[in-house]
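# Descriptive structure summary
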Amino acid sequence: MLSKKIEAALNEQIKVEAESSQVYLSMACWAEVQGFEGVAQFMYAHSDEERMHMLKLVKFVNERGGHAKISQLDAPPLEFGSFKEVFQTLFEHEVFVSKSINDLVHITLEERDYATHNFLQWYVSEQIEEEALARNILDKINLIGDDKSGFYLFDNDIKQLIVADTPPA
Ligand code: OFO
């Protein structure tokens, strides 16, 4: 059974994951209308992943005697100045999510809720991977600089990352 404090904290995280999904969906739209097919695919897949993170929390809250709350969300930005800005924002967003997960883990220890603590370890590992992936992509973009053909190749290459990042069904 979840304490009220843990239930509220998990519900906050549900909102964070839902917002992440929306931000990446908006990035997918931006990339798609600019003609960057690979980046759009990557962002659509990433948005789906965040929705899966949200649903996993929703199910956990409901199964542990709480009530998952579906909140109103702020609209994400419509425009992003550049590839670099998109991936810089993605990286910073993932760092923010990691902090949010860490705070949540901290609360579970304070409350001595070891079941929720255990459940959250999956998110801790996931965030390590997501931060590393975002940093890796950002490094590549910095290497490309202003080279247009470099961007074309990057847009193609990023499709491989989607395949590598998708967990087996
Ligand atoms: Fe990428 O954030 Fe979910 O956990």
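Note that the structure is a prediction, hence the values are computed from the model and not measured. (Residues numbered from 1 in each chain as written. Predicted model: local features only at pLDDT ≥ 70, side-chain atom pairs only at ≥ 80, totals over all residues. Heavy atoms only, no water.)

## Quick word on the pattern of salt bridges
Where charged atoms from two side chains of opposite charge approach closely, those side chains can pair. Operational definition: Throughout this description, the term salt bridge denotes a Lys or Arg side-chain nitrogen within 4 Å of a carboxyl oxygen of Asp or Glu. Think of it this way: any DSSP run of H or I at least four residues long counts as a helix, any run of E at least two long counts as a strand, and we number them from the N terminus.
For the structure on display, the rule yields five salt bridges. Close ionic contact of Glu7 with Lys4 constitutes a salt bridge, the shortest N to O distance being 3.0 Å. Highlighted residues: Glu7 and Lys4, both in helix H1 (residues 4–34), separated by three residues, approximately one helical turn. The closest approach of N and O atoms between Lys5 and Glu110, which form a salt bridge, is 3.8 Å. Of the two residues, Lys5 sits in helix H1 while Glu110 sits in helix H3 (residues 83–110), which places them 105 residues apart along the sequence.

## Remarks on the nonpolar core
The line we're drawing: Here, the term nonpolar core denotes a set of buried Ala, Val, Leu, Ile, Met, Phe, Trp, Tyr and Cys residues that are joined through side-chain atoms within 4.5 Å. Relative accessibility thresholds used throughout: buried, under 20% of the residue-type maximum; exposed, over 50%; partly exposed, between the two (1.4 Å probe, protein chains only). The contact criterion used throughout is that any non-hydrogen atoms of two residues lie within 4.5 Å.
Counting residues in each nonpolar core, the largest one holds 26 residues, and the members touching the most others are Met27, Val39, Phe42, Met43, Phe87, Ile137 and Phe154. Mapped onto this core, the elements with two or more residues apiece are H1, helix H2 (37–63), H3, helix H4 (114–144) and helix H5 (148–165). If we ignore the near neighbours within four places in the chain, the residues touching Phe87 are Val39, Phe42, Met43, Ile137, Leu138, Ile141, Phe154 and Ile158. Of all hydrophobic cores here, the second largest spans 20 residues; its members include Phe60, Val61, Val97 and Val105.

## Describing the packing of aromatic side chains
Threshold: Under the pairing criterion, centres of Phe, Tyr and Trp rings, with the six-membered ring standing for Trp, must be within 6.5 Å; the plane angle then separates stacked pairs below 30 degrees from edge-to-face pairs above 60, leaving the rest tilted. Lysine NZ or arginine CZ positioned within 6 Å of the ring centre and within 35 degrees of the ring normal marks a charge as sitting over the ring.
The full count for this structure, using the stated rule, is eleven aromatic pairs. With centroids separated by 6.0 Å and ring planes inclined at 50 degrees, the aromatic side chains of Phe42 and Phe87 adopt a geometry described as tilted. With a gap of 45 residues between them, Phe42 in helix H2 and Phe87 in helix H3 connect regions that are remote in the sequence. An identical accessibility class is assigned to Phe42 and Phe87; each is buried. A connected cluster of aromatic rings, assembled from ring pairs, spans Trp30, Phe36, Phe42, Phe80, Phe83, Phe87, Phe151 and Phe154. Here the guanidinium or amino end of Lys56 rests over the ring plane of Trp122, the centre of that ring lying 4.4 Å away.

## Remarks on the packing of H3 against H4
Under the convention used in this document: Every axis corresponds to a line fitted to the C-alpha atoms, with the helix fit spanning only the stretch in contact, and the corresponding angles, defined between N-to-C directions, vary from 0 to 180 degrees. Working definition: roughly parallel below 35 degrees, roughly antiparallel above 145 degrees, roughly perpendicular at 65 to 115 degrees, and oblique for all remaining angles. Here a crossing is called left-handed whenever its near helix is offset anticlockwise from the far helix by less than a right angle, and right-handed whenever the offset is clockwise. Amino acid classes used here: Ala, Val, Leu, Ile, Met, Phe, Trp, Tyr, Cys and Pro are nonpolar; Asp, Glu, Lys and Arg are charged; the rest, including Gly, are polar.
In contact at an axis separation of 9 Å, H3 and H4 are set at 160 degrees when each is read in the N-to-C sense. Accordingly, the angle class assigned to the pair H3 and H4 is roughly antiparallel. Handedness of the H3/H4 crossing: left-handed. In the contact of H3 with H4, the residues fall into 18 nonpolar, eight polar and five charged.

## Some details on H1
For an α-helix, 3.6 residues make a turn, and residues three or four places apart therefore share a direction. Which entries qualify depends on this criterion: Helix span is expected to be 1.5 Å times the residue number reduced by one.
For H1, built from 31 residues, the straight-helix expectation of 45 Å at 1.5 Å per residue is met to within 8% by its first-to-last C-alpha distance of 45 Å. In the stretch just after H1, Gly35 is the one whose phi turns positive, near 90 degrees.

## Side note on H4
Inclusion rule: Note that the bend at a residue is defined as the angle between axes fitted to the seven residues ending at it and the seven residues starting at it. Whenever a nitrogen or oxygen atom comes within 3.5 Å of another N or O atom, the pair is scored as a polar contact, on the condition that within protein one atom can donate a hydrogen and the other can accept it, and that pairs from neighbouring residues in sequence are kept only if both atoms are in side chains.
When the terminal C-alpha atoms of H4 are compared, their 46 Å separation across 31 residues agrees well with the 45 Å that a helix rising 1.5 Å per residue should span. Bending of H4 peaks at approximately 25 degrees at the position of Leu120. Where H4 begins, the side chain of Asp113 points an oxygen toward the backbone nitrogen of Ala115, at a separation of 3.4 Å. Positive phi appears at Gly145, one or two residues downstream of H4, with a value of about 60 degrees.

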